[in-house]
Amino acid sequence: MQQDTLLTAGQQLTASPQITANESSDAETVIIDTGCANLSSVRFAFERLGAKVLVTDDKAKIKAAKRVVLPGVGTAGVAMASLHEKGLVELIQGLTQPVLGVCLGMQMLAAISKERGGKGQDCECLGIIPTDICELDTQLLKAESLPLPHMGWNQLKLTTNSQGANSPNVHPLFAGIEDGSYVYFVHSYRAPLSEFTLAECTYGEGFSAAIGKGNFMGVQFHPEKSAAVGAQILRNFLQMDELQMNEALMNEALQGSSADGQAGVNKADQ
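What you see is a predicted model, and the numbers here were worked out from it, not measured in a lab. (Residues numbered from 1 in each chain as written. Predicted model: local features only at pLDDT ≥ 70, side-chain atom pairs only at ≥ 80, totals over all residues. Heavy atoms only, no water.)

Engineer: Got a minute to help me understand the packing of aromatic side chains in this structure?
Structural biologist: Each aromatic ring pair is described using two quantities: the centre-to-centre distance and the angle formed by the ring planes. Inspection of the entire model under this criterion finds three aromatic pairs. Judged by centre distance (5.6 Å) and plane angle (75°), the rings of Trp153 and Tyr184 are edge-to-face. Taken together, the residues span a long stretch of sequence, with Trp153 in strand β9 (residues 150-155) and Tyr184 in strand β11 (residues 182-187) at a distance of 31 residues. By relative accessible area, Tyr184 is classed as partly exposed at 21%. Pairing Phe185 with Phe221 gives two aromatic rings, centres 5.8 Å apart and planes at 75°, and the pair type is edge-to-face. (Phe/Tyr/Trp six-rings, centres within 6.5 Å; stacked < 30°, edge-to-face > 60°. Helix = DSSP H or I, 4+ residues; strand = E, 2+ residues; numbered from the N terminus. Buried < 20%, exposed > 50% of the residue type's maximum accessible area, 1.4 Å probe, protein only.)

This is the structure in structure tokens:
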């Protein structure tokens, strides 16, 4: 059954399935009700920023949103099963507005998760960002006496190959965030470093603290638990819209074409 919760600054968080179309249309940011995520802390974080946020699994409202958040806790298999049951997989795959995956939500953007959850095969995810999710290297963790899961504050290193960047260094999601900033993690599985890495972190090994492709982006850490840094990241996301993302991606494509052309010229001169 579909339930919507509309949140505005100063309101108590309550389930409100009676919300009217006019009220829900005021919320430009939709948090997908995955049916298995702990949504409260994410909702509170957006509410503290004064945002109107609608929590729903209604397909029309998700598709019409200016921006979409895909949260998640627990195991990939359970979360993906919930998305399939709600008929949301193809809808999410086809979204064109900015989409932010948080923690497990980020992992669900990947192709496959090795988190089998007692099953005999890997979990097929949304397949939006071509990377696989694997467990943190237990041998490396053991060698450095680091516990699993990775839990607590750790530093971000912003990468220089960020897609949709206004500059070669910073993805719009990390505007105003200093390299080396601390954010809060709780996880045992990770995305490896790749061309889709927006920010990285080290815990026994280097891994993707954030990944992105096109209008889709995800963070492994919990911005809602990451104090001022997390609030700034969520604020950056709230300022995104489809037009801004398209312009940023087009600018990067032009920069990439220019760089490739210059490389060709340089090679011809050699």
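Engineer: Hey, could you run me through the environment of Ile92 in this one?
Structural biologist: When you line up the elements, Ile92 lands in helix α5 (residues 89-93). Between the C-alpha atom of Ile92 and that of Val68, which follows or precedes it by 24 residues, the distance is 9.2 Å. With near-sequence residues (within four places) excluded, Ile92 lies in contact with Ile32, Leu70, Leu83, Leu126, Ile128 and Phe216. (Contact = heavy atoms within 4.5 Å.)

Engineer: I would appreciate a short explanation of the pairing of strand β15 (residues 216-219) in the present structure.
Structural biologist: Every other side chain in a regular strand lies on the same face of the sheet, so the side chains alternate between the two faces. Both faces of β15 are covered, namely the face carrying Phe216 and Gly218 and the face carrying Met217 and Val219. Bridge count between strand β5 (residues 99-102) and β15: four bridges; the pairing is parallel. Bridged to Val99 within β15 is Phe216. As defined by bridge partners, strand β14 (residues 205-213) adjoins β15 across four bridges and the pair is classed as antiparallel. Bridge pairing in β15 links Ala210 to Val219. The antiparallel hairpin formed by β14 and β15 contains two residues in its connecting segment, where Gly214 sits at a positive phi of about 60°. (Pairing = 2+ DSSP bridges.)

Engineer: So what exactly am I meant to see when it comes to the pattern of salt bridges here?
Structural biologist: Working definition: two side chains of opposite charge can pair if their charged atoms are close together. As enumerated under the stated definition, the model contains four salt bridges in all. Note that Lys114 and Asp122 form a salt bridge whose closest N and O atoms lie 2.9 Å from each other. Judged by relative accessible area, which is 37%, Lys114 ranks as partly exposed. Residue classification places Asp122 among the partly exposed residues on the basis of a relative accessible area of 23%. (Salt bridge = Lys/Arg side-chain N within 4 Å of Asp/Glu carboxyl O.)

Engineer: Please explain the nonpolar core as it appears in this structure.
Structural biologist: Here is a general trend for soluble globular proteins: nonpolar side chains tend to be buried in one another's company. Core analysis: the biggest nonpolar cluster contains 38 residues, and Phe46, Leu173, Phe174 and Phe221 have the highest contact counts within it. Elements with a minimum of two residues in this core: α2 (40-48), β3 (53-56), β5, β11, β13 (197-203), β14, β15 and α8 (227-238). Among the elements that take part in this core, α8 stands out by supplying five residues, more than any other. For Leu173, the residues in contact, after removing those within four places along its chain, are Leu100, Met217, Val219, Ile233, Asn236, Phe237 and Met240. Val30, Leu83, Val89 and Met108 belong to the second largest nonpolar core, which has 34 residues in total. (Core = buried A, V, L, I, M, F, W, Y, C linked by side-chain atoms within 4.5 Å.)

Engineer: Is there a simple way to explain α8 in this structure?
Structural biologist: For α8, with twelve residues, the first-to-last C-alpha span of 17 Å sits near the 16 Å given by 1.5 Å per residue. Here α8 has its buried residues at Val229, Gly230, Ile233, Leu234, Asn236, Phe237 and Leu238. (Expected span 1.5 Å × (residues − 1).)

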